[in-house]
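# What the coordinates show
If you want the building blocks of each chain, they are given just below.
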Amino acid sequence: MVLVTAHIAVDERAHRAAIKAAIEVSISPWFAYGYDDVPGLRGADGKVNAAEQPPIYVLLSVERRFADVNIRAGAARGVNAVRLSTRVVGRTEDEAAWARKKVSEALEENVLTISSIETTPFWFENEEPIQFDDGRYSGLTRWTYQH
């Protein structure tokens, strides 16, 4: 028997908003941003965003990913597999490492409610080492979950 459910498209904005809120509780008083939204840096429009670049922050990127579900075994259709990338940024390697630890505490194996639907737990996928990057230190971590 195959369970068929309606497909719900991934609304990246809703995912980013929920994830941003969860991360910001953990990294307070610092914030998470989209790549074009960081204060003091240039956005996609070529203009520098208002205010100064914060000492510590997290960049978020959400994308759909391939869902390896076995439909013949009765897996539900309509479940979206999602990949989240979090890039921690700090003035020092230690600040970036602190932010990475806080992001991990906020996400790893935790469940969020996005658009009234619970996710599966967030699972660590892989990460790149923290290194000097354009005048700051940063490191990328990728997470996967389903929604």
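Quick caveat: nothing in here was measured; it's all calculated off a predicted structure.

## Quick notes on unusual backbone geometry
Across the junction of Ser-28 and Pro-29, the peptide omega takes the value 15°, indicating a cis bond. Here Pro-29 is to be found in the loop between α1 (12-27) and β1 (31-33). The phi torsion at Glu-109 lies on the positive side, around 65°, for a residue other than glycine. Position of Glu-109 relative to the elements: it lies in the loop between α2 (93-107) and β4 (113-114). For Ser-116, which is not glycine, the phi torsion reads 70° and is therefore positive.

## Thoughts on the pattern of salt bridges
The tally for this structure, following the rule as stated, stands at ten salt bridges. One salt bridge connects Asp-11 with Arg-13, and the closest N-O pair in it is separated by 2.9 Å. By relative accessible area, Asp-11 is classed as partly exposed at 30%. Two residues, Glu-95 and Arg-91, come together in a salt bridge whose shortest N-O distance is 2.5 Å. Each of Glu-63, Arg-83 and Glu-125 takes part in a single network of salt bridges with overlapping partners.

## Brief notes about the nonpolar core
Within the largest apolar cluster, 25 residues are counted, with the highest numbers of intra-cluster contacts made by Ile-19, Ile-23, Val-58, Leu-84, Leu-107, Phe-122 and Tyr-145. Elements represented by at least two residues in this core include exactly α1, β2 (57-65), β3 (81-90), α2 and β8 (136-146). When near neighbours in sequence (up to four residues on either side) are disregarded, Ile-23 contacts Ala-32, Val-58, Leu-60, Thr-86, Val-103, Ala-106 and Leu-107. Counting residues in hydrophobic clusters, the runner-up holds five residues, among them Val-38, Tyr-57, Leu-59 and Val-89.

## Comments concerning the packing of α1 against α2
Running from N to C, α1 and α2 point in directions that differ by 125°, and their axes come no closer than 8 Å. In this view, α1 runs oblique relative to α2, as classed from their interaxial angle. Regarding α1 and α2, the two cross each other, and that crossing is right-handed. For the pair formed by α1 and α2, the contact residues are Ile-19, Ala-22, Ile-23, Ser-26 and Ile-27 on the first element and Trp-98, Ala-99, Lys-102, Val-103, Glu-105, Ala-106 and Leu-107 on the second. Among the residues forming the contact of α1 with α2, the class breakdown is nine nonpolar, one polar and two charged.

## Things to note about the packing of aromatic side chains
Using the criterion set out here, one finds five aromatic pairs in the structure. A centroid spacing of 6.2 Å and a plane angle of 80° characterise the contact between Phe-124 and Trp-143, whose relative ring orientation is edge-to-face. One end of the pair, Phe-124, is in strand β6 (residues 123-127); the other, Trp-143, is in strand β8, and 19 residues separate them in sequence. By relative accessible area, which is 39% here, Phe-124 ends up partly exposed. Accessibility expressed as a relative area gives 2% for Trp-143, which makes it buried.

## Quick notes on the environment of Leu-84
Following the sequence through the fold, Leu-84 ends up in strand β3. Residues Leu-84 and Thr-144, spaced 60 residues apart in sequence, show a C-alpha to C-alpha distance of 6.1 Å. Non-local contacts of Leu-84, meaning those with residues more than four positions away in its chain, are made with Ile-19, Leu-60, Ser-61, Val-62, Leu-107, Phe-122, Thr-141, Arg-142, Trp-143 and Tyr-145.

Definitions and cut-offs
Residues numbered from 1 in each chain as written. Predicted model: local features only at pLDDT ≥ 70, side-chain atom pairs only at ≥ 80, totals over all residues. Heavy atoms only, no water. Helix = DSSP H or I, 4+ residues; strand = E, 2+ residues; numbered from the N terminus. Salt bridge = Lys/Arg side-chain N within 4 Å of Asp/Glu carboxyl O. Buried < 20%, exposed > 50% of the residue type's maximum accessible area, 1.4 Å probe, protein only. Core = buried A, V, L, I, M, F, W, Y, C linked by side-chain atoms within 4.5 Å. Contact = heavy atoms within 4.5 Å. Axes fitted to C-alpha atoms, helices over the stretch in contact; angles between N-to-C directions. Parallel < 35°, antiparallel > 145°, perpendicular 65-115°, else oblique. Left-handed = near helix turned anticlockwise from the far one by under 90°. Nonpolar A, V, L, I, M, F, W, Y, C, P; charged D, E, K, R; others polar. Phe/Tyr/Trp six-rings, centres within 6.5 Å; stacked < 30°, edge-to-face > 60°.

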